[in-house]
Amino acid sequence: MTVIDEIRRELGRECEAVDAIVSDVLVSSNVLLDRINGYLLSNSGKRIRPLLALLTAKACSGSVNRHAMLCAAASELIHTATLLHDDVVDESDLRRNRPTVRRMFSPGASLLTGDFWLSKAMSLLTSDKLPYGILRNYVRTIEDLSDGELFQMAKADAVDTTVADYYKIIREKTASLFVASVKSAAMASGASEETVSRMEEYALEVGYGFQIRDDILDYHSSDETGKDSDSDILERKITLPLLCAFRNCGDGNREAYIRGLVGKIDPVAGREGNMGTVAEVRSFVFRYGGIEAAAGVIDSHVRKAVSCLEVLPESASKDCLCRAASFLCAVS
């Protein structure tokens, strides 16, 4: 039994209730949309963000109220919407070892379904008299998701991503939704300002670690991850493993050479047309310990996340939050 399975057991009926909210809000009379929604729901993944929201609510107040459940459901809807959009932007064929909606149906269908899921998230967040502060959390996240994606595109074109740039990207593209999910659940539970602030920090650190883990796994084979491997390099994204390799190498000329290689990648040529360049960049990352160094950074984020939980009273839910931080950020 994995940590996620144990969390689902801890949450029990609350988890089932959120799953039902998501399914119910997606009901549509459109035949194509209904088919796509069914395909997505049958392969919905771990539902990490709603689980963290529910755990936070239970750890803060001992129970999960209706508002916290709506926050959890909205988080899953927004997350799936971003994946549907990202798969079109990145031209991804695989997700969780299954064809993406973009591949199975069409890029247009993926984009429009993403819009539909996003609109349904907003419907939930504007229903049931949720506090305005919670809505504001999610609106800010949607702004961040768009800004982060566009900023990453600009950096990929310029091939000049720094560590500061990288953290801006992963804060906006990944950590922001972790923060909205956890912070909103804490607010919905009536937690104190100090507790809300510490839980926000917890979510930020977990979000950082989770994305760095994902960027490390991009250097693994698709058989291990269920996603296209080397996609970051092929999209000219300079992520933390490569940035750590630059630091460890300590040779400005060598760094400039590798950045130049990344800049010469031709997206139109695809994987086969860029095979030699990808292999050389990968070799550089492994030779200079980029993977190990990035994994060390993950450990520091997990420690910071766990320290934030000291504000919570002892409970099974708090213990699950602690274990979730380590599990979600584990590379292997």
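Residues numbered from 1 in each chain as written. Predicted model: local features only at pLDDT ≥ 70, side-chain atom pairs only at ≥ 80, totals over all residues. Heavy atoms only, no water.

A.B. asks: Mind laying out helix H1 (residues 3-11), listing which residues take part and the relevant values?
C.D. replies: Residues Val3, Ile4, Glu6, Ile7 and Leu11 constitute the buried set of H1. The arc enclosing the buried residues of H1, seen along the axis, measures out at 160°, which places them on a common side. On its buried side, H1 packs onto helix H2 (13-25), helix H4 (48-61) and helix H18 (316-328). Looking one or two places after H1, you find glycine 12, whose phi comes out positive at around 55°. (Buried < 20%, exposed > 50% of the residue type's maximum accessible area, 1.4 Å probe, protein only. Helix = DSSP H or I, 4+ residues; strand = E, 2+ residues; numbered from the N terminus. Arc of directions from axis to C-beta. Contact = heavy atoms within 4.5 Å.)

A.B. asks: Tell me what's going on with the pattern of salt bridges, and back it up with residues and numbers.
C.D. replies: Applying the stated criterion across every chain yields a total of 23 salt bridges. Between glutamate 149 and lysine 173 there is a salt bridge, and its shortest N-O distance comes to 3.0 Å. Pair noted here: glutamate 149 is in helix H8 (residues 132-158) and lysine 173 is in helix H9 (residues 163-188), with a separation of 24 residues, a long-range link. You can call glutamate 149 buried: its relative accessible area is 12%. A salt bridge links lysine 237 to glutamate 235, with the nearest nitrogen and oxygen atoms 2.6 Å apart. Among the charged side chains, a network of salt bridges with common partners joins Arg8, Asp19, Arg47 and Glu76. (Salt bridge = Lys/Arg side-chain N within 4 Å of Asp/Glu carboxyl O.)

A.B. asks: Any details on unusual backbone geometry? Residues and values, ideally.
C.D. replies: In this structure, arginine 96 is a non-glycine residue whose phi angle is positive, near 55°. As for its placement among the helices and strands, arginine 96 is situated in the loop between strand S1 (94-95) and strand S2 (98-99). Judged by its relative accessible area of 33%, arginine 96 falls in the partly exposed class. You will see that asparagine 97, though not glycine, has its phi angle at about 65°, which is positive.

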